[in-house]
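# A closer look at the structure
Chain residues, written in single-letter form:
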Amino acid sequence: MTAFYNEHQKIFVSVDCIIFGFEENKLKVLLGRRQMDPGRGEWSLYGGFVRNDESIDEAADRTLYELTGMRQVYMRQVGAFGALNRDPGERVVSIAYYALIDVRDYDKQLLEQHGVQWVNINELPEMYSDHQEMIQQAREIMKHKIKTSPVSFRLLPPLFTLTQLQRLYEAVNGEEVDKRNFRKRIKEMDFIEKTNLIDKKSSKRGAALYRFNEKAFEEAAKFKL
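This structure is a prediction, so every number in the text was calculated from the model and none was measured. (Residues numbered from 1 in each chain as written. Predicted model: local features only at pLDDT ≥ 70, side-chain atom pairs only at ≥ 80, totals over all residues. Heavy atoms only, no water.)

Now for the overall build of the protein chain. A tally of helices and strands in the protein chain yields six helices and nine strands. Principal-axis analysis of the C-alpha atoms gives the protein chain an extent of 70 × 40 × 30 Å. Per-residue burial for the protein chain yields a buried fraction of 42% across its 225 residues. Across the protein chain, every contact between residues at least 6 apart in sequence was considered, and the portion connecting residues at least 24 apart equals 64%. Working note: accessible area of the protein chain is about 14,100 Å², and carbon and sulfur atoms make up 47% of it. Treating the 35 positive side-chain charges of the protein chain as one cloud and the 34 negative ones as another, the clouds have centres 9 Å apart. (Helix = DSSP H or I, 4+ residues; strand = E, 2+ residues; numbered from the N terminus. Buried < 20%, exposed > 50% of the residue type's maximum accessible area, 1.4 Å probe, protein only. Contact = heavy atoms within 4.5 Å. Areas by Shrake-Rupley, 256 points an atom, 1.4 Å probe, with all protein chains shown as cover. Lys, Arg positive; Asp, Glu negative; His and termini not counted. Charge placed at Lys NZ, Arg CZ, Asp CG, Glu CD.)

A few words now on the pattern of salt bridges. In this structure the tally under the stated criterion is ten salt bridges. Note that D102 and R104 form a salt bridge whose closest N and O atoms lie 2.8 Å from each other. Taking relative accessible area as the criterion, D102 reaches 7% and is therefore assigned buried. By relative accessible area, which is 53% here, R104 ends up exposed. Between R211 and E193 there is a salt bridge, and its shortest N-O distance comes to 2.7 Å. (Salt bridge = Lys/Arg side-chain N within 4 Å of Asp/Glu carboxyl O.)

Looking now at the nonpolar core. If you look at the biggest cluster of nonpolar residues, it comprises 40 residues, and the most contacted ones within it are I18, F20, L31, Y98, I135, L165 and I192. With six residues, helix α4 (residues 162–173) is the single largest residue contributor to this core. (Core = buried A, V, L, I, M, F, W, Y, C linked by side-chain atoms within 4.5 Å.)

As a further point, take the packing of helix α3 (residues 131–148) against α4. Relative orientation of the contacting elements α3 and α4 amounts to 140 degrees, with a least axis distance of 9 Å. Remark: the crossing between α3 and α4 carries left-handed chirality. Residue-level inspection shows R139, M142, K143, I146 and K147 of α3 in contact with α4, the latter providing Y169, A171, V172 and N173. In the contact of α3 with α4, the residues fall into five nonpolar, one polar and three charged. (Axes fitted to C-alpha atoms, helices over the stretch in contact; angles between N-to-C directions. Left-handed = near helix turned anticlockwise from the far one by under 90°. Nonpolar A, V, L, I, M, F, W, Y, C, P; charged D, E, K, R; others polar.)

Time to look at the side chain of R86. Within the secondary structure layout, R86 lies in the loop between β5 (74–81) and β6 (92–100). The exposure class of R86 is buried, given its relative accessible area of 9%. Within polar-contact distance, the side chain of R86 engages the backbone oxygen of V92 at 3.3 Å. Leave out the neighbours within four places in its chain, and R86 touches D16, F81, V92, S94, S129, D130, H131 and M134. (Polar contact = N/O pair within 3.5 Å; in protein donor to acceptor, adjacent residues only side chain to side chain.)

This brings us to a negative patch on the surface. Taken together, the side chains of D53, D57, E58 and D61 present a region of like negative charge at the surface. Assignment of secondary structure puts E58 in helix α1 (residues 56–68). (Patch = residues over 30% accessible without salt bridge, like charges linked within 9 Å, V, L, I, M, F, W, Y side chains within 5 Å.)

Everything listed here is a matter of coordinates, which is why it stays silent on function.
See the structure below:
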C-alpha cells in the first residue's frame, strides 16, 4: 500500500451473489441467515468483502465458489449499491452479481454447511439492507436477457421438455404465456433441437425431450451480425 490518498475517507467494498435456480416450476434464489453483526440472524444474500489482492470479479468468483463449490458458472454484474446508510456497520459499497445454476448440480451438503436454502422469488422474506432490491433488479435483467439470449438453459438440465422451458419463462417473467404462441416461437429457434428421447415422468404418453445446441446458436448470432 502507498501513502497516497490519505486525506480521503476509506470505504469498504463488498460483493453480494444472487444465485438463481429453477425447481418445482419456481424461480428460486439461495438465501441464508446472516452470521455476523450487524444484522446477525436476518435473511440475506451470500457475500463478502473484496480483498486487496483481487478484482471485484475475482471476489465474486471466489464468493460463489465458497458457497457452491462450482466453477465456470454463468455470472454477470447487476450493479453497484451505495446508499449512505445501506450498512449500519460502516460505509460499504456493494457490487451485486447474479449467477444461474442447475439446482441438481448443487451439493445438498453445502446447503447445510452454509445454512442456506432455496426460496421462491415470489415469497421473499424481509431481508438485510438492500438485498431484496438487488434480487429484484437481477430479475428485471433476466426478463430482458431471456428474450434475446439462451440464459434460460443455464437453469435447466441438459435434456428438457417444452413444458419445462415454458414454465421457466413464466417463472422469470412472473406471468403465464400462451402455450400455442410459445411453442410456435420455440420451433423457429434453430438452436433448440428435438431429440429422439422421451420423458415418461411427465405423462403416460410421455413428452419429447429437447436440448440446447450451442454451436447452432453461435452460428445464428454470427449470421445476424
